[in-house]
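# An overview of the molecular structure
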Amino acid sequence: MKIALVGATGLVGSVMLKVLRERGFCNCELIPAASSRSVGKKIKFGDKDIEIVSVDEAISKKPDFAIFSAGSSASLEYAPIFAKNGTTVIDNSSAWRSYEDIPLVVPEINGDILTSKDKIIANPNCSTIQMVMALAPLHKKYQIKRVVVSTYQSVTGTGMNAVNQLFKERAGEECNMAYPYPIDLNLFPHGGSFGDDGYTTEEVKLLNETRKILRDNSIQVTATVVRVPVTGGHSEAVNAEFHHEFDISEVFSLLDSMPGVVVLDDPANNKYPMPIFAEHNDDVFVGRIRRDLTQPKTLNFWVVADNLRKGAATNAVQILQYIIDKKI
Ligand code: A2P
């Protein structure tokens, strides 16, 4: 099997290499591609050193799959060319997510929508993935009416430049700014770009992508996205109102039985999810699960996941595994 990885030198790309190796893809023919800045350099994949090629060269090798994490404009330009050549594209950017005929997939939730006709498949936004992983089993049982979410997002979600900015600032060194403001010892309520309605693109994604993945356009989601000086993962405070009443112990067991979700909720012993626990893990951690005492049928919880793993690389490789396992 041939797998192209477009954006192989990036932050998500490097985690994709790890996840592919961990999940048994070591013997596939890997075709790492990146921008012209990186062509000719080598990257490690298992015990092999593989030369990085241009995206055009990767297309000409007609891989079975191409996993993209190189930003929206590269995805918009190249994904259709791969697809036309018979390659199945799994795209981590936001370029294709809102197209009606492009599946937006979290395999544990809606992998069943995939068919052999799908040549471009979209990987959802990192903050959406971890939220819907917790919401999906609850939606099935109690039907979500409205979600209020505030995110505390890791700088790794912005890429290598943002991580460099944080650590250079911390070391007191000059650096190229990935953000409009310092991020060390700071935070800002700003992820993506602002629309005329005052919401950012990252906030709008949480509404649209949740509806698409949970297949319910009646769900309301209102979000505030905040960037914080953290590297291990994204955290989210979620307030979810349901149409039907729930039993809190049943909520715990529904979350416990959701594949890929780990309940970490032991307040008496100060145990709750945190980025330092989630980092390098494929699971989504949920804790601080409690009834909202101010409103009926409403639940509060806290959800944390490594945004580079389940929020990006792991979910993309799981889509690949799903297609192979189900012989789609
Ligand atoms: P390069 O390293 O050559 O710039 P990050 O999100 O961590 O900044 O990484 C972005 C990734 O996307 C890198 O691998 C980068 O390659 C790659 N990339 C950016 N623009 C393009 C492009 N137009 N074509 C191919 N790869 C691209």
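Residues numbered from 1 in each chain as written. Predicted model: local features only at pLDDT ≥ 70, side-chain atom pairs only at ≥ 80, totals over all residues. Heavy atoms only, no water.

What surrounds the ligand is a group of 15 residues, the closest being Thr 9, Leu 11, Ser 35, Arg 37 and Ser 38. The side chain of Ser 35 places a nitrogen or oxygen atom 2.6 Å from an oxygen atom of the ligand. At 2.4 Å, a side-chain N or O of Ser 38 approaches an oxygen atom of the ligand. Of the residues belonging to the shell around the ligand, the class tally is seven nonpolar, seven polar and one charged. (Near = heavy atom within 4 Å. Polar contact = N/O pair within 3.5 Å; in protein donor to acceptor, adjacent residues only side chain to side chain. Nonpolar A, V, L, I, M, F, W, Y, C, P; charged D, E, K, R; others polar.)

Further remarks concern the pairing of strand β12 (residues 284–291). For a regular strand, side-chain orientation follows a simple rule: the groups alternate between the two sheet faces. Examined bridge by bridge, strand β11 (residues 261–263) and β12 share three bridges and lie parallel to one another. Considered in β12, the bridge of Val 261 is made with Val 284. With six bridges connecting them, β12 and strand β13 (residues 298–305) associate as antiparallel partners. In the sheet register, Gly 287 faces β13, and the bridge partner there is Trp 302. Connecting β12 to the antiparallel partner β13 that follows it, the hairpin turn spans six residues, and Lys 297 within it adopts a positive phi of roughly 55 degrees. (Pairing = 2+ DSSP bridges. Helix = DSSP H or I, 4+ residues; strand = E, 2+ residues; numbered from the N terminus.)

Turning our eyes to something else, we now look at the pattern of salt bridges. Side chains that differ in sign of charge can pair as their charged atoms come close. What the rule picks out here adds up to 13 salt bridges. The salt bridge involving Asp 112 is made with Arg 215; its shortest N-O contact spans 3.1 Å. Of this pair, Asp 112 sits in the loop between α4 (107–110) and β7 (120–122) while Arg 215 is found in the loop between α7 (201–214) and β9 (220–227), placing the two residues 103 residues apart along the sequence. Here Arg 309 and Asp 282 are joined by a salt bridge, their closest N and O atoms 3.3 Å apart. Residue Arg 309 is located in helix α10 (residues 309–325), and its partner Asp 282 is located in the loop between α9 (275–278) and β12; the two are separated by 27 residues in the primary sequence. For Arg 309, a relative accessible area of 6% corresponds to the buried category. (Salt bridge = Lys/Arg side-chain N within 4 Å of Asp/Glu carboxyl O. Buried < 20%, exposed > 50% of the residue type's maximum accessible area, 1.4 Å probe, protein only.)

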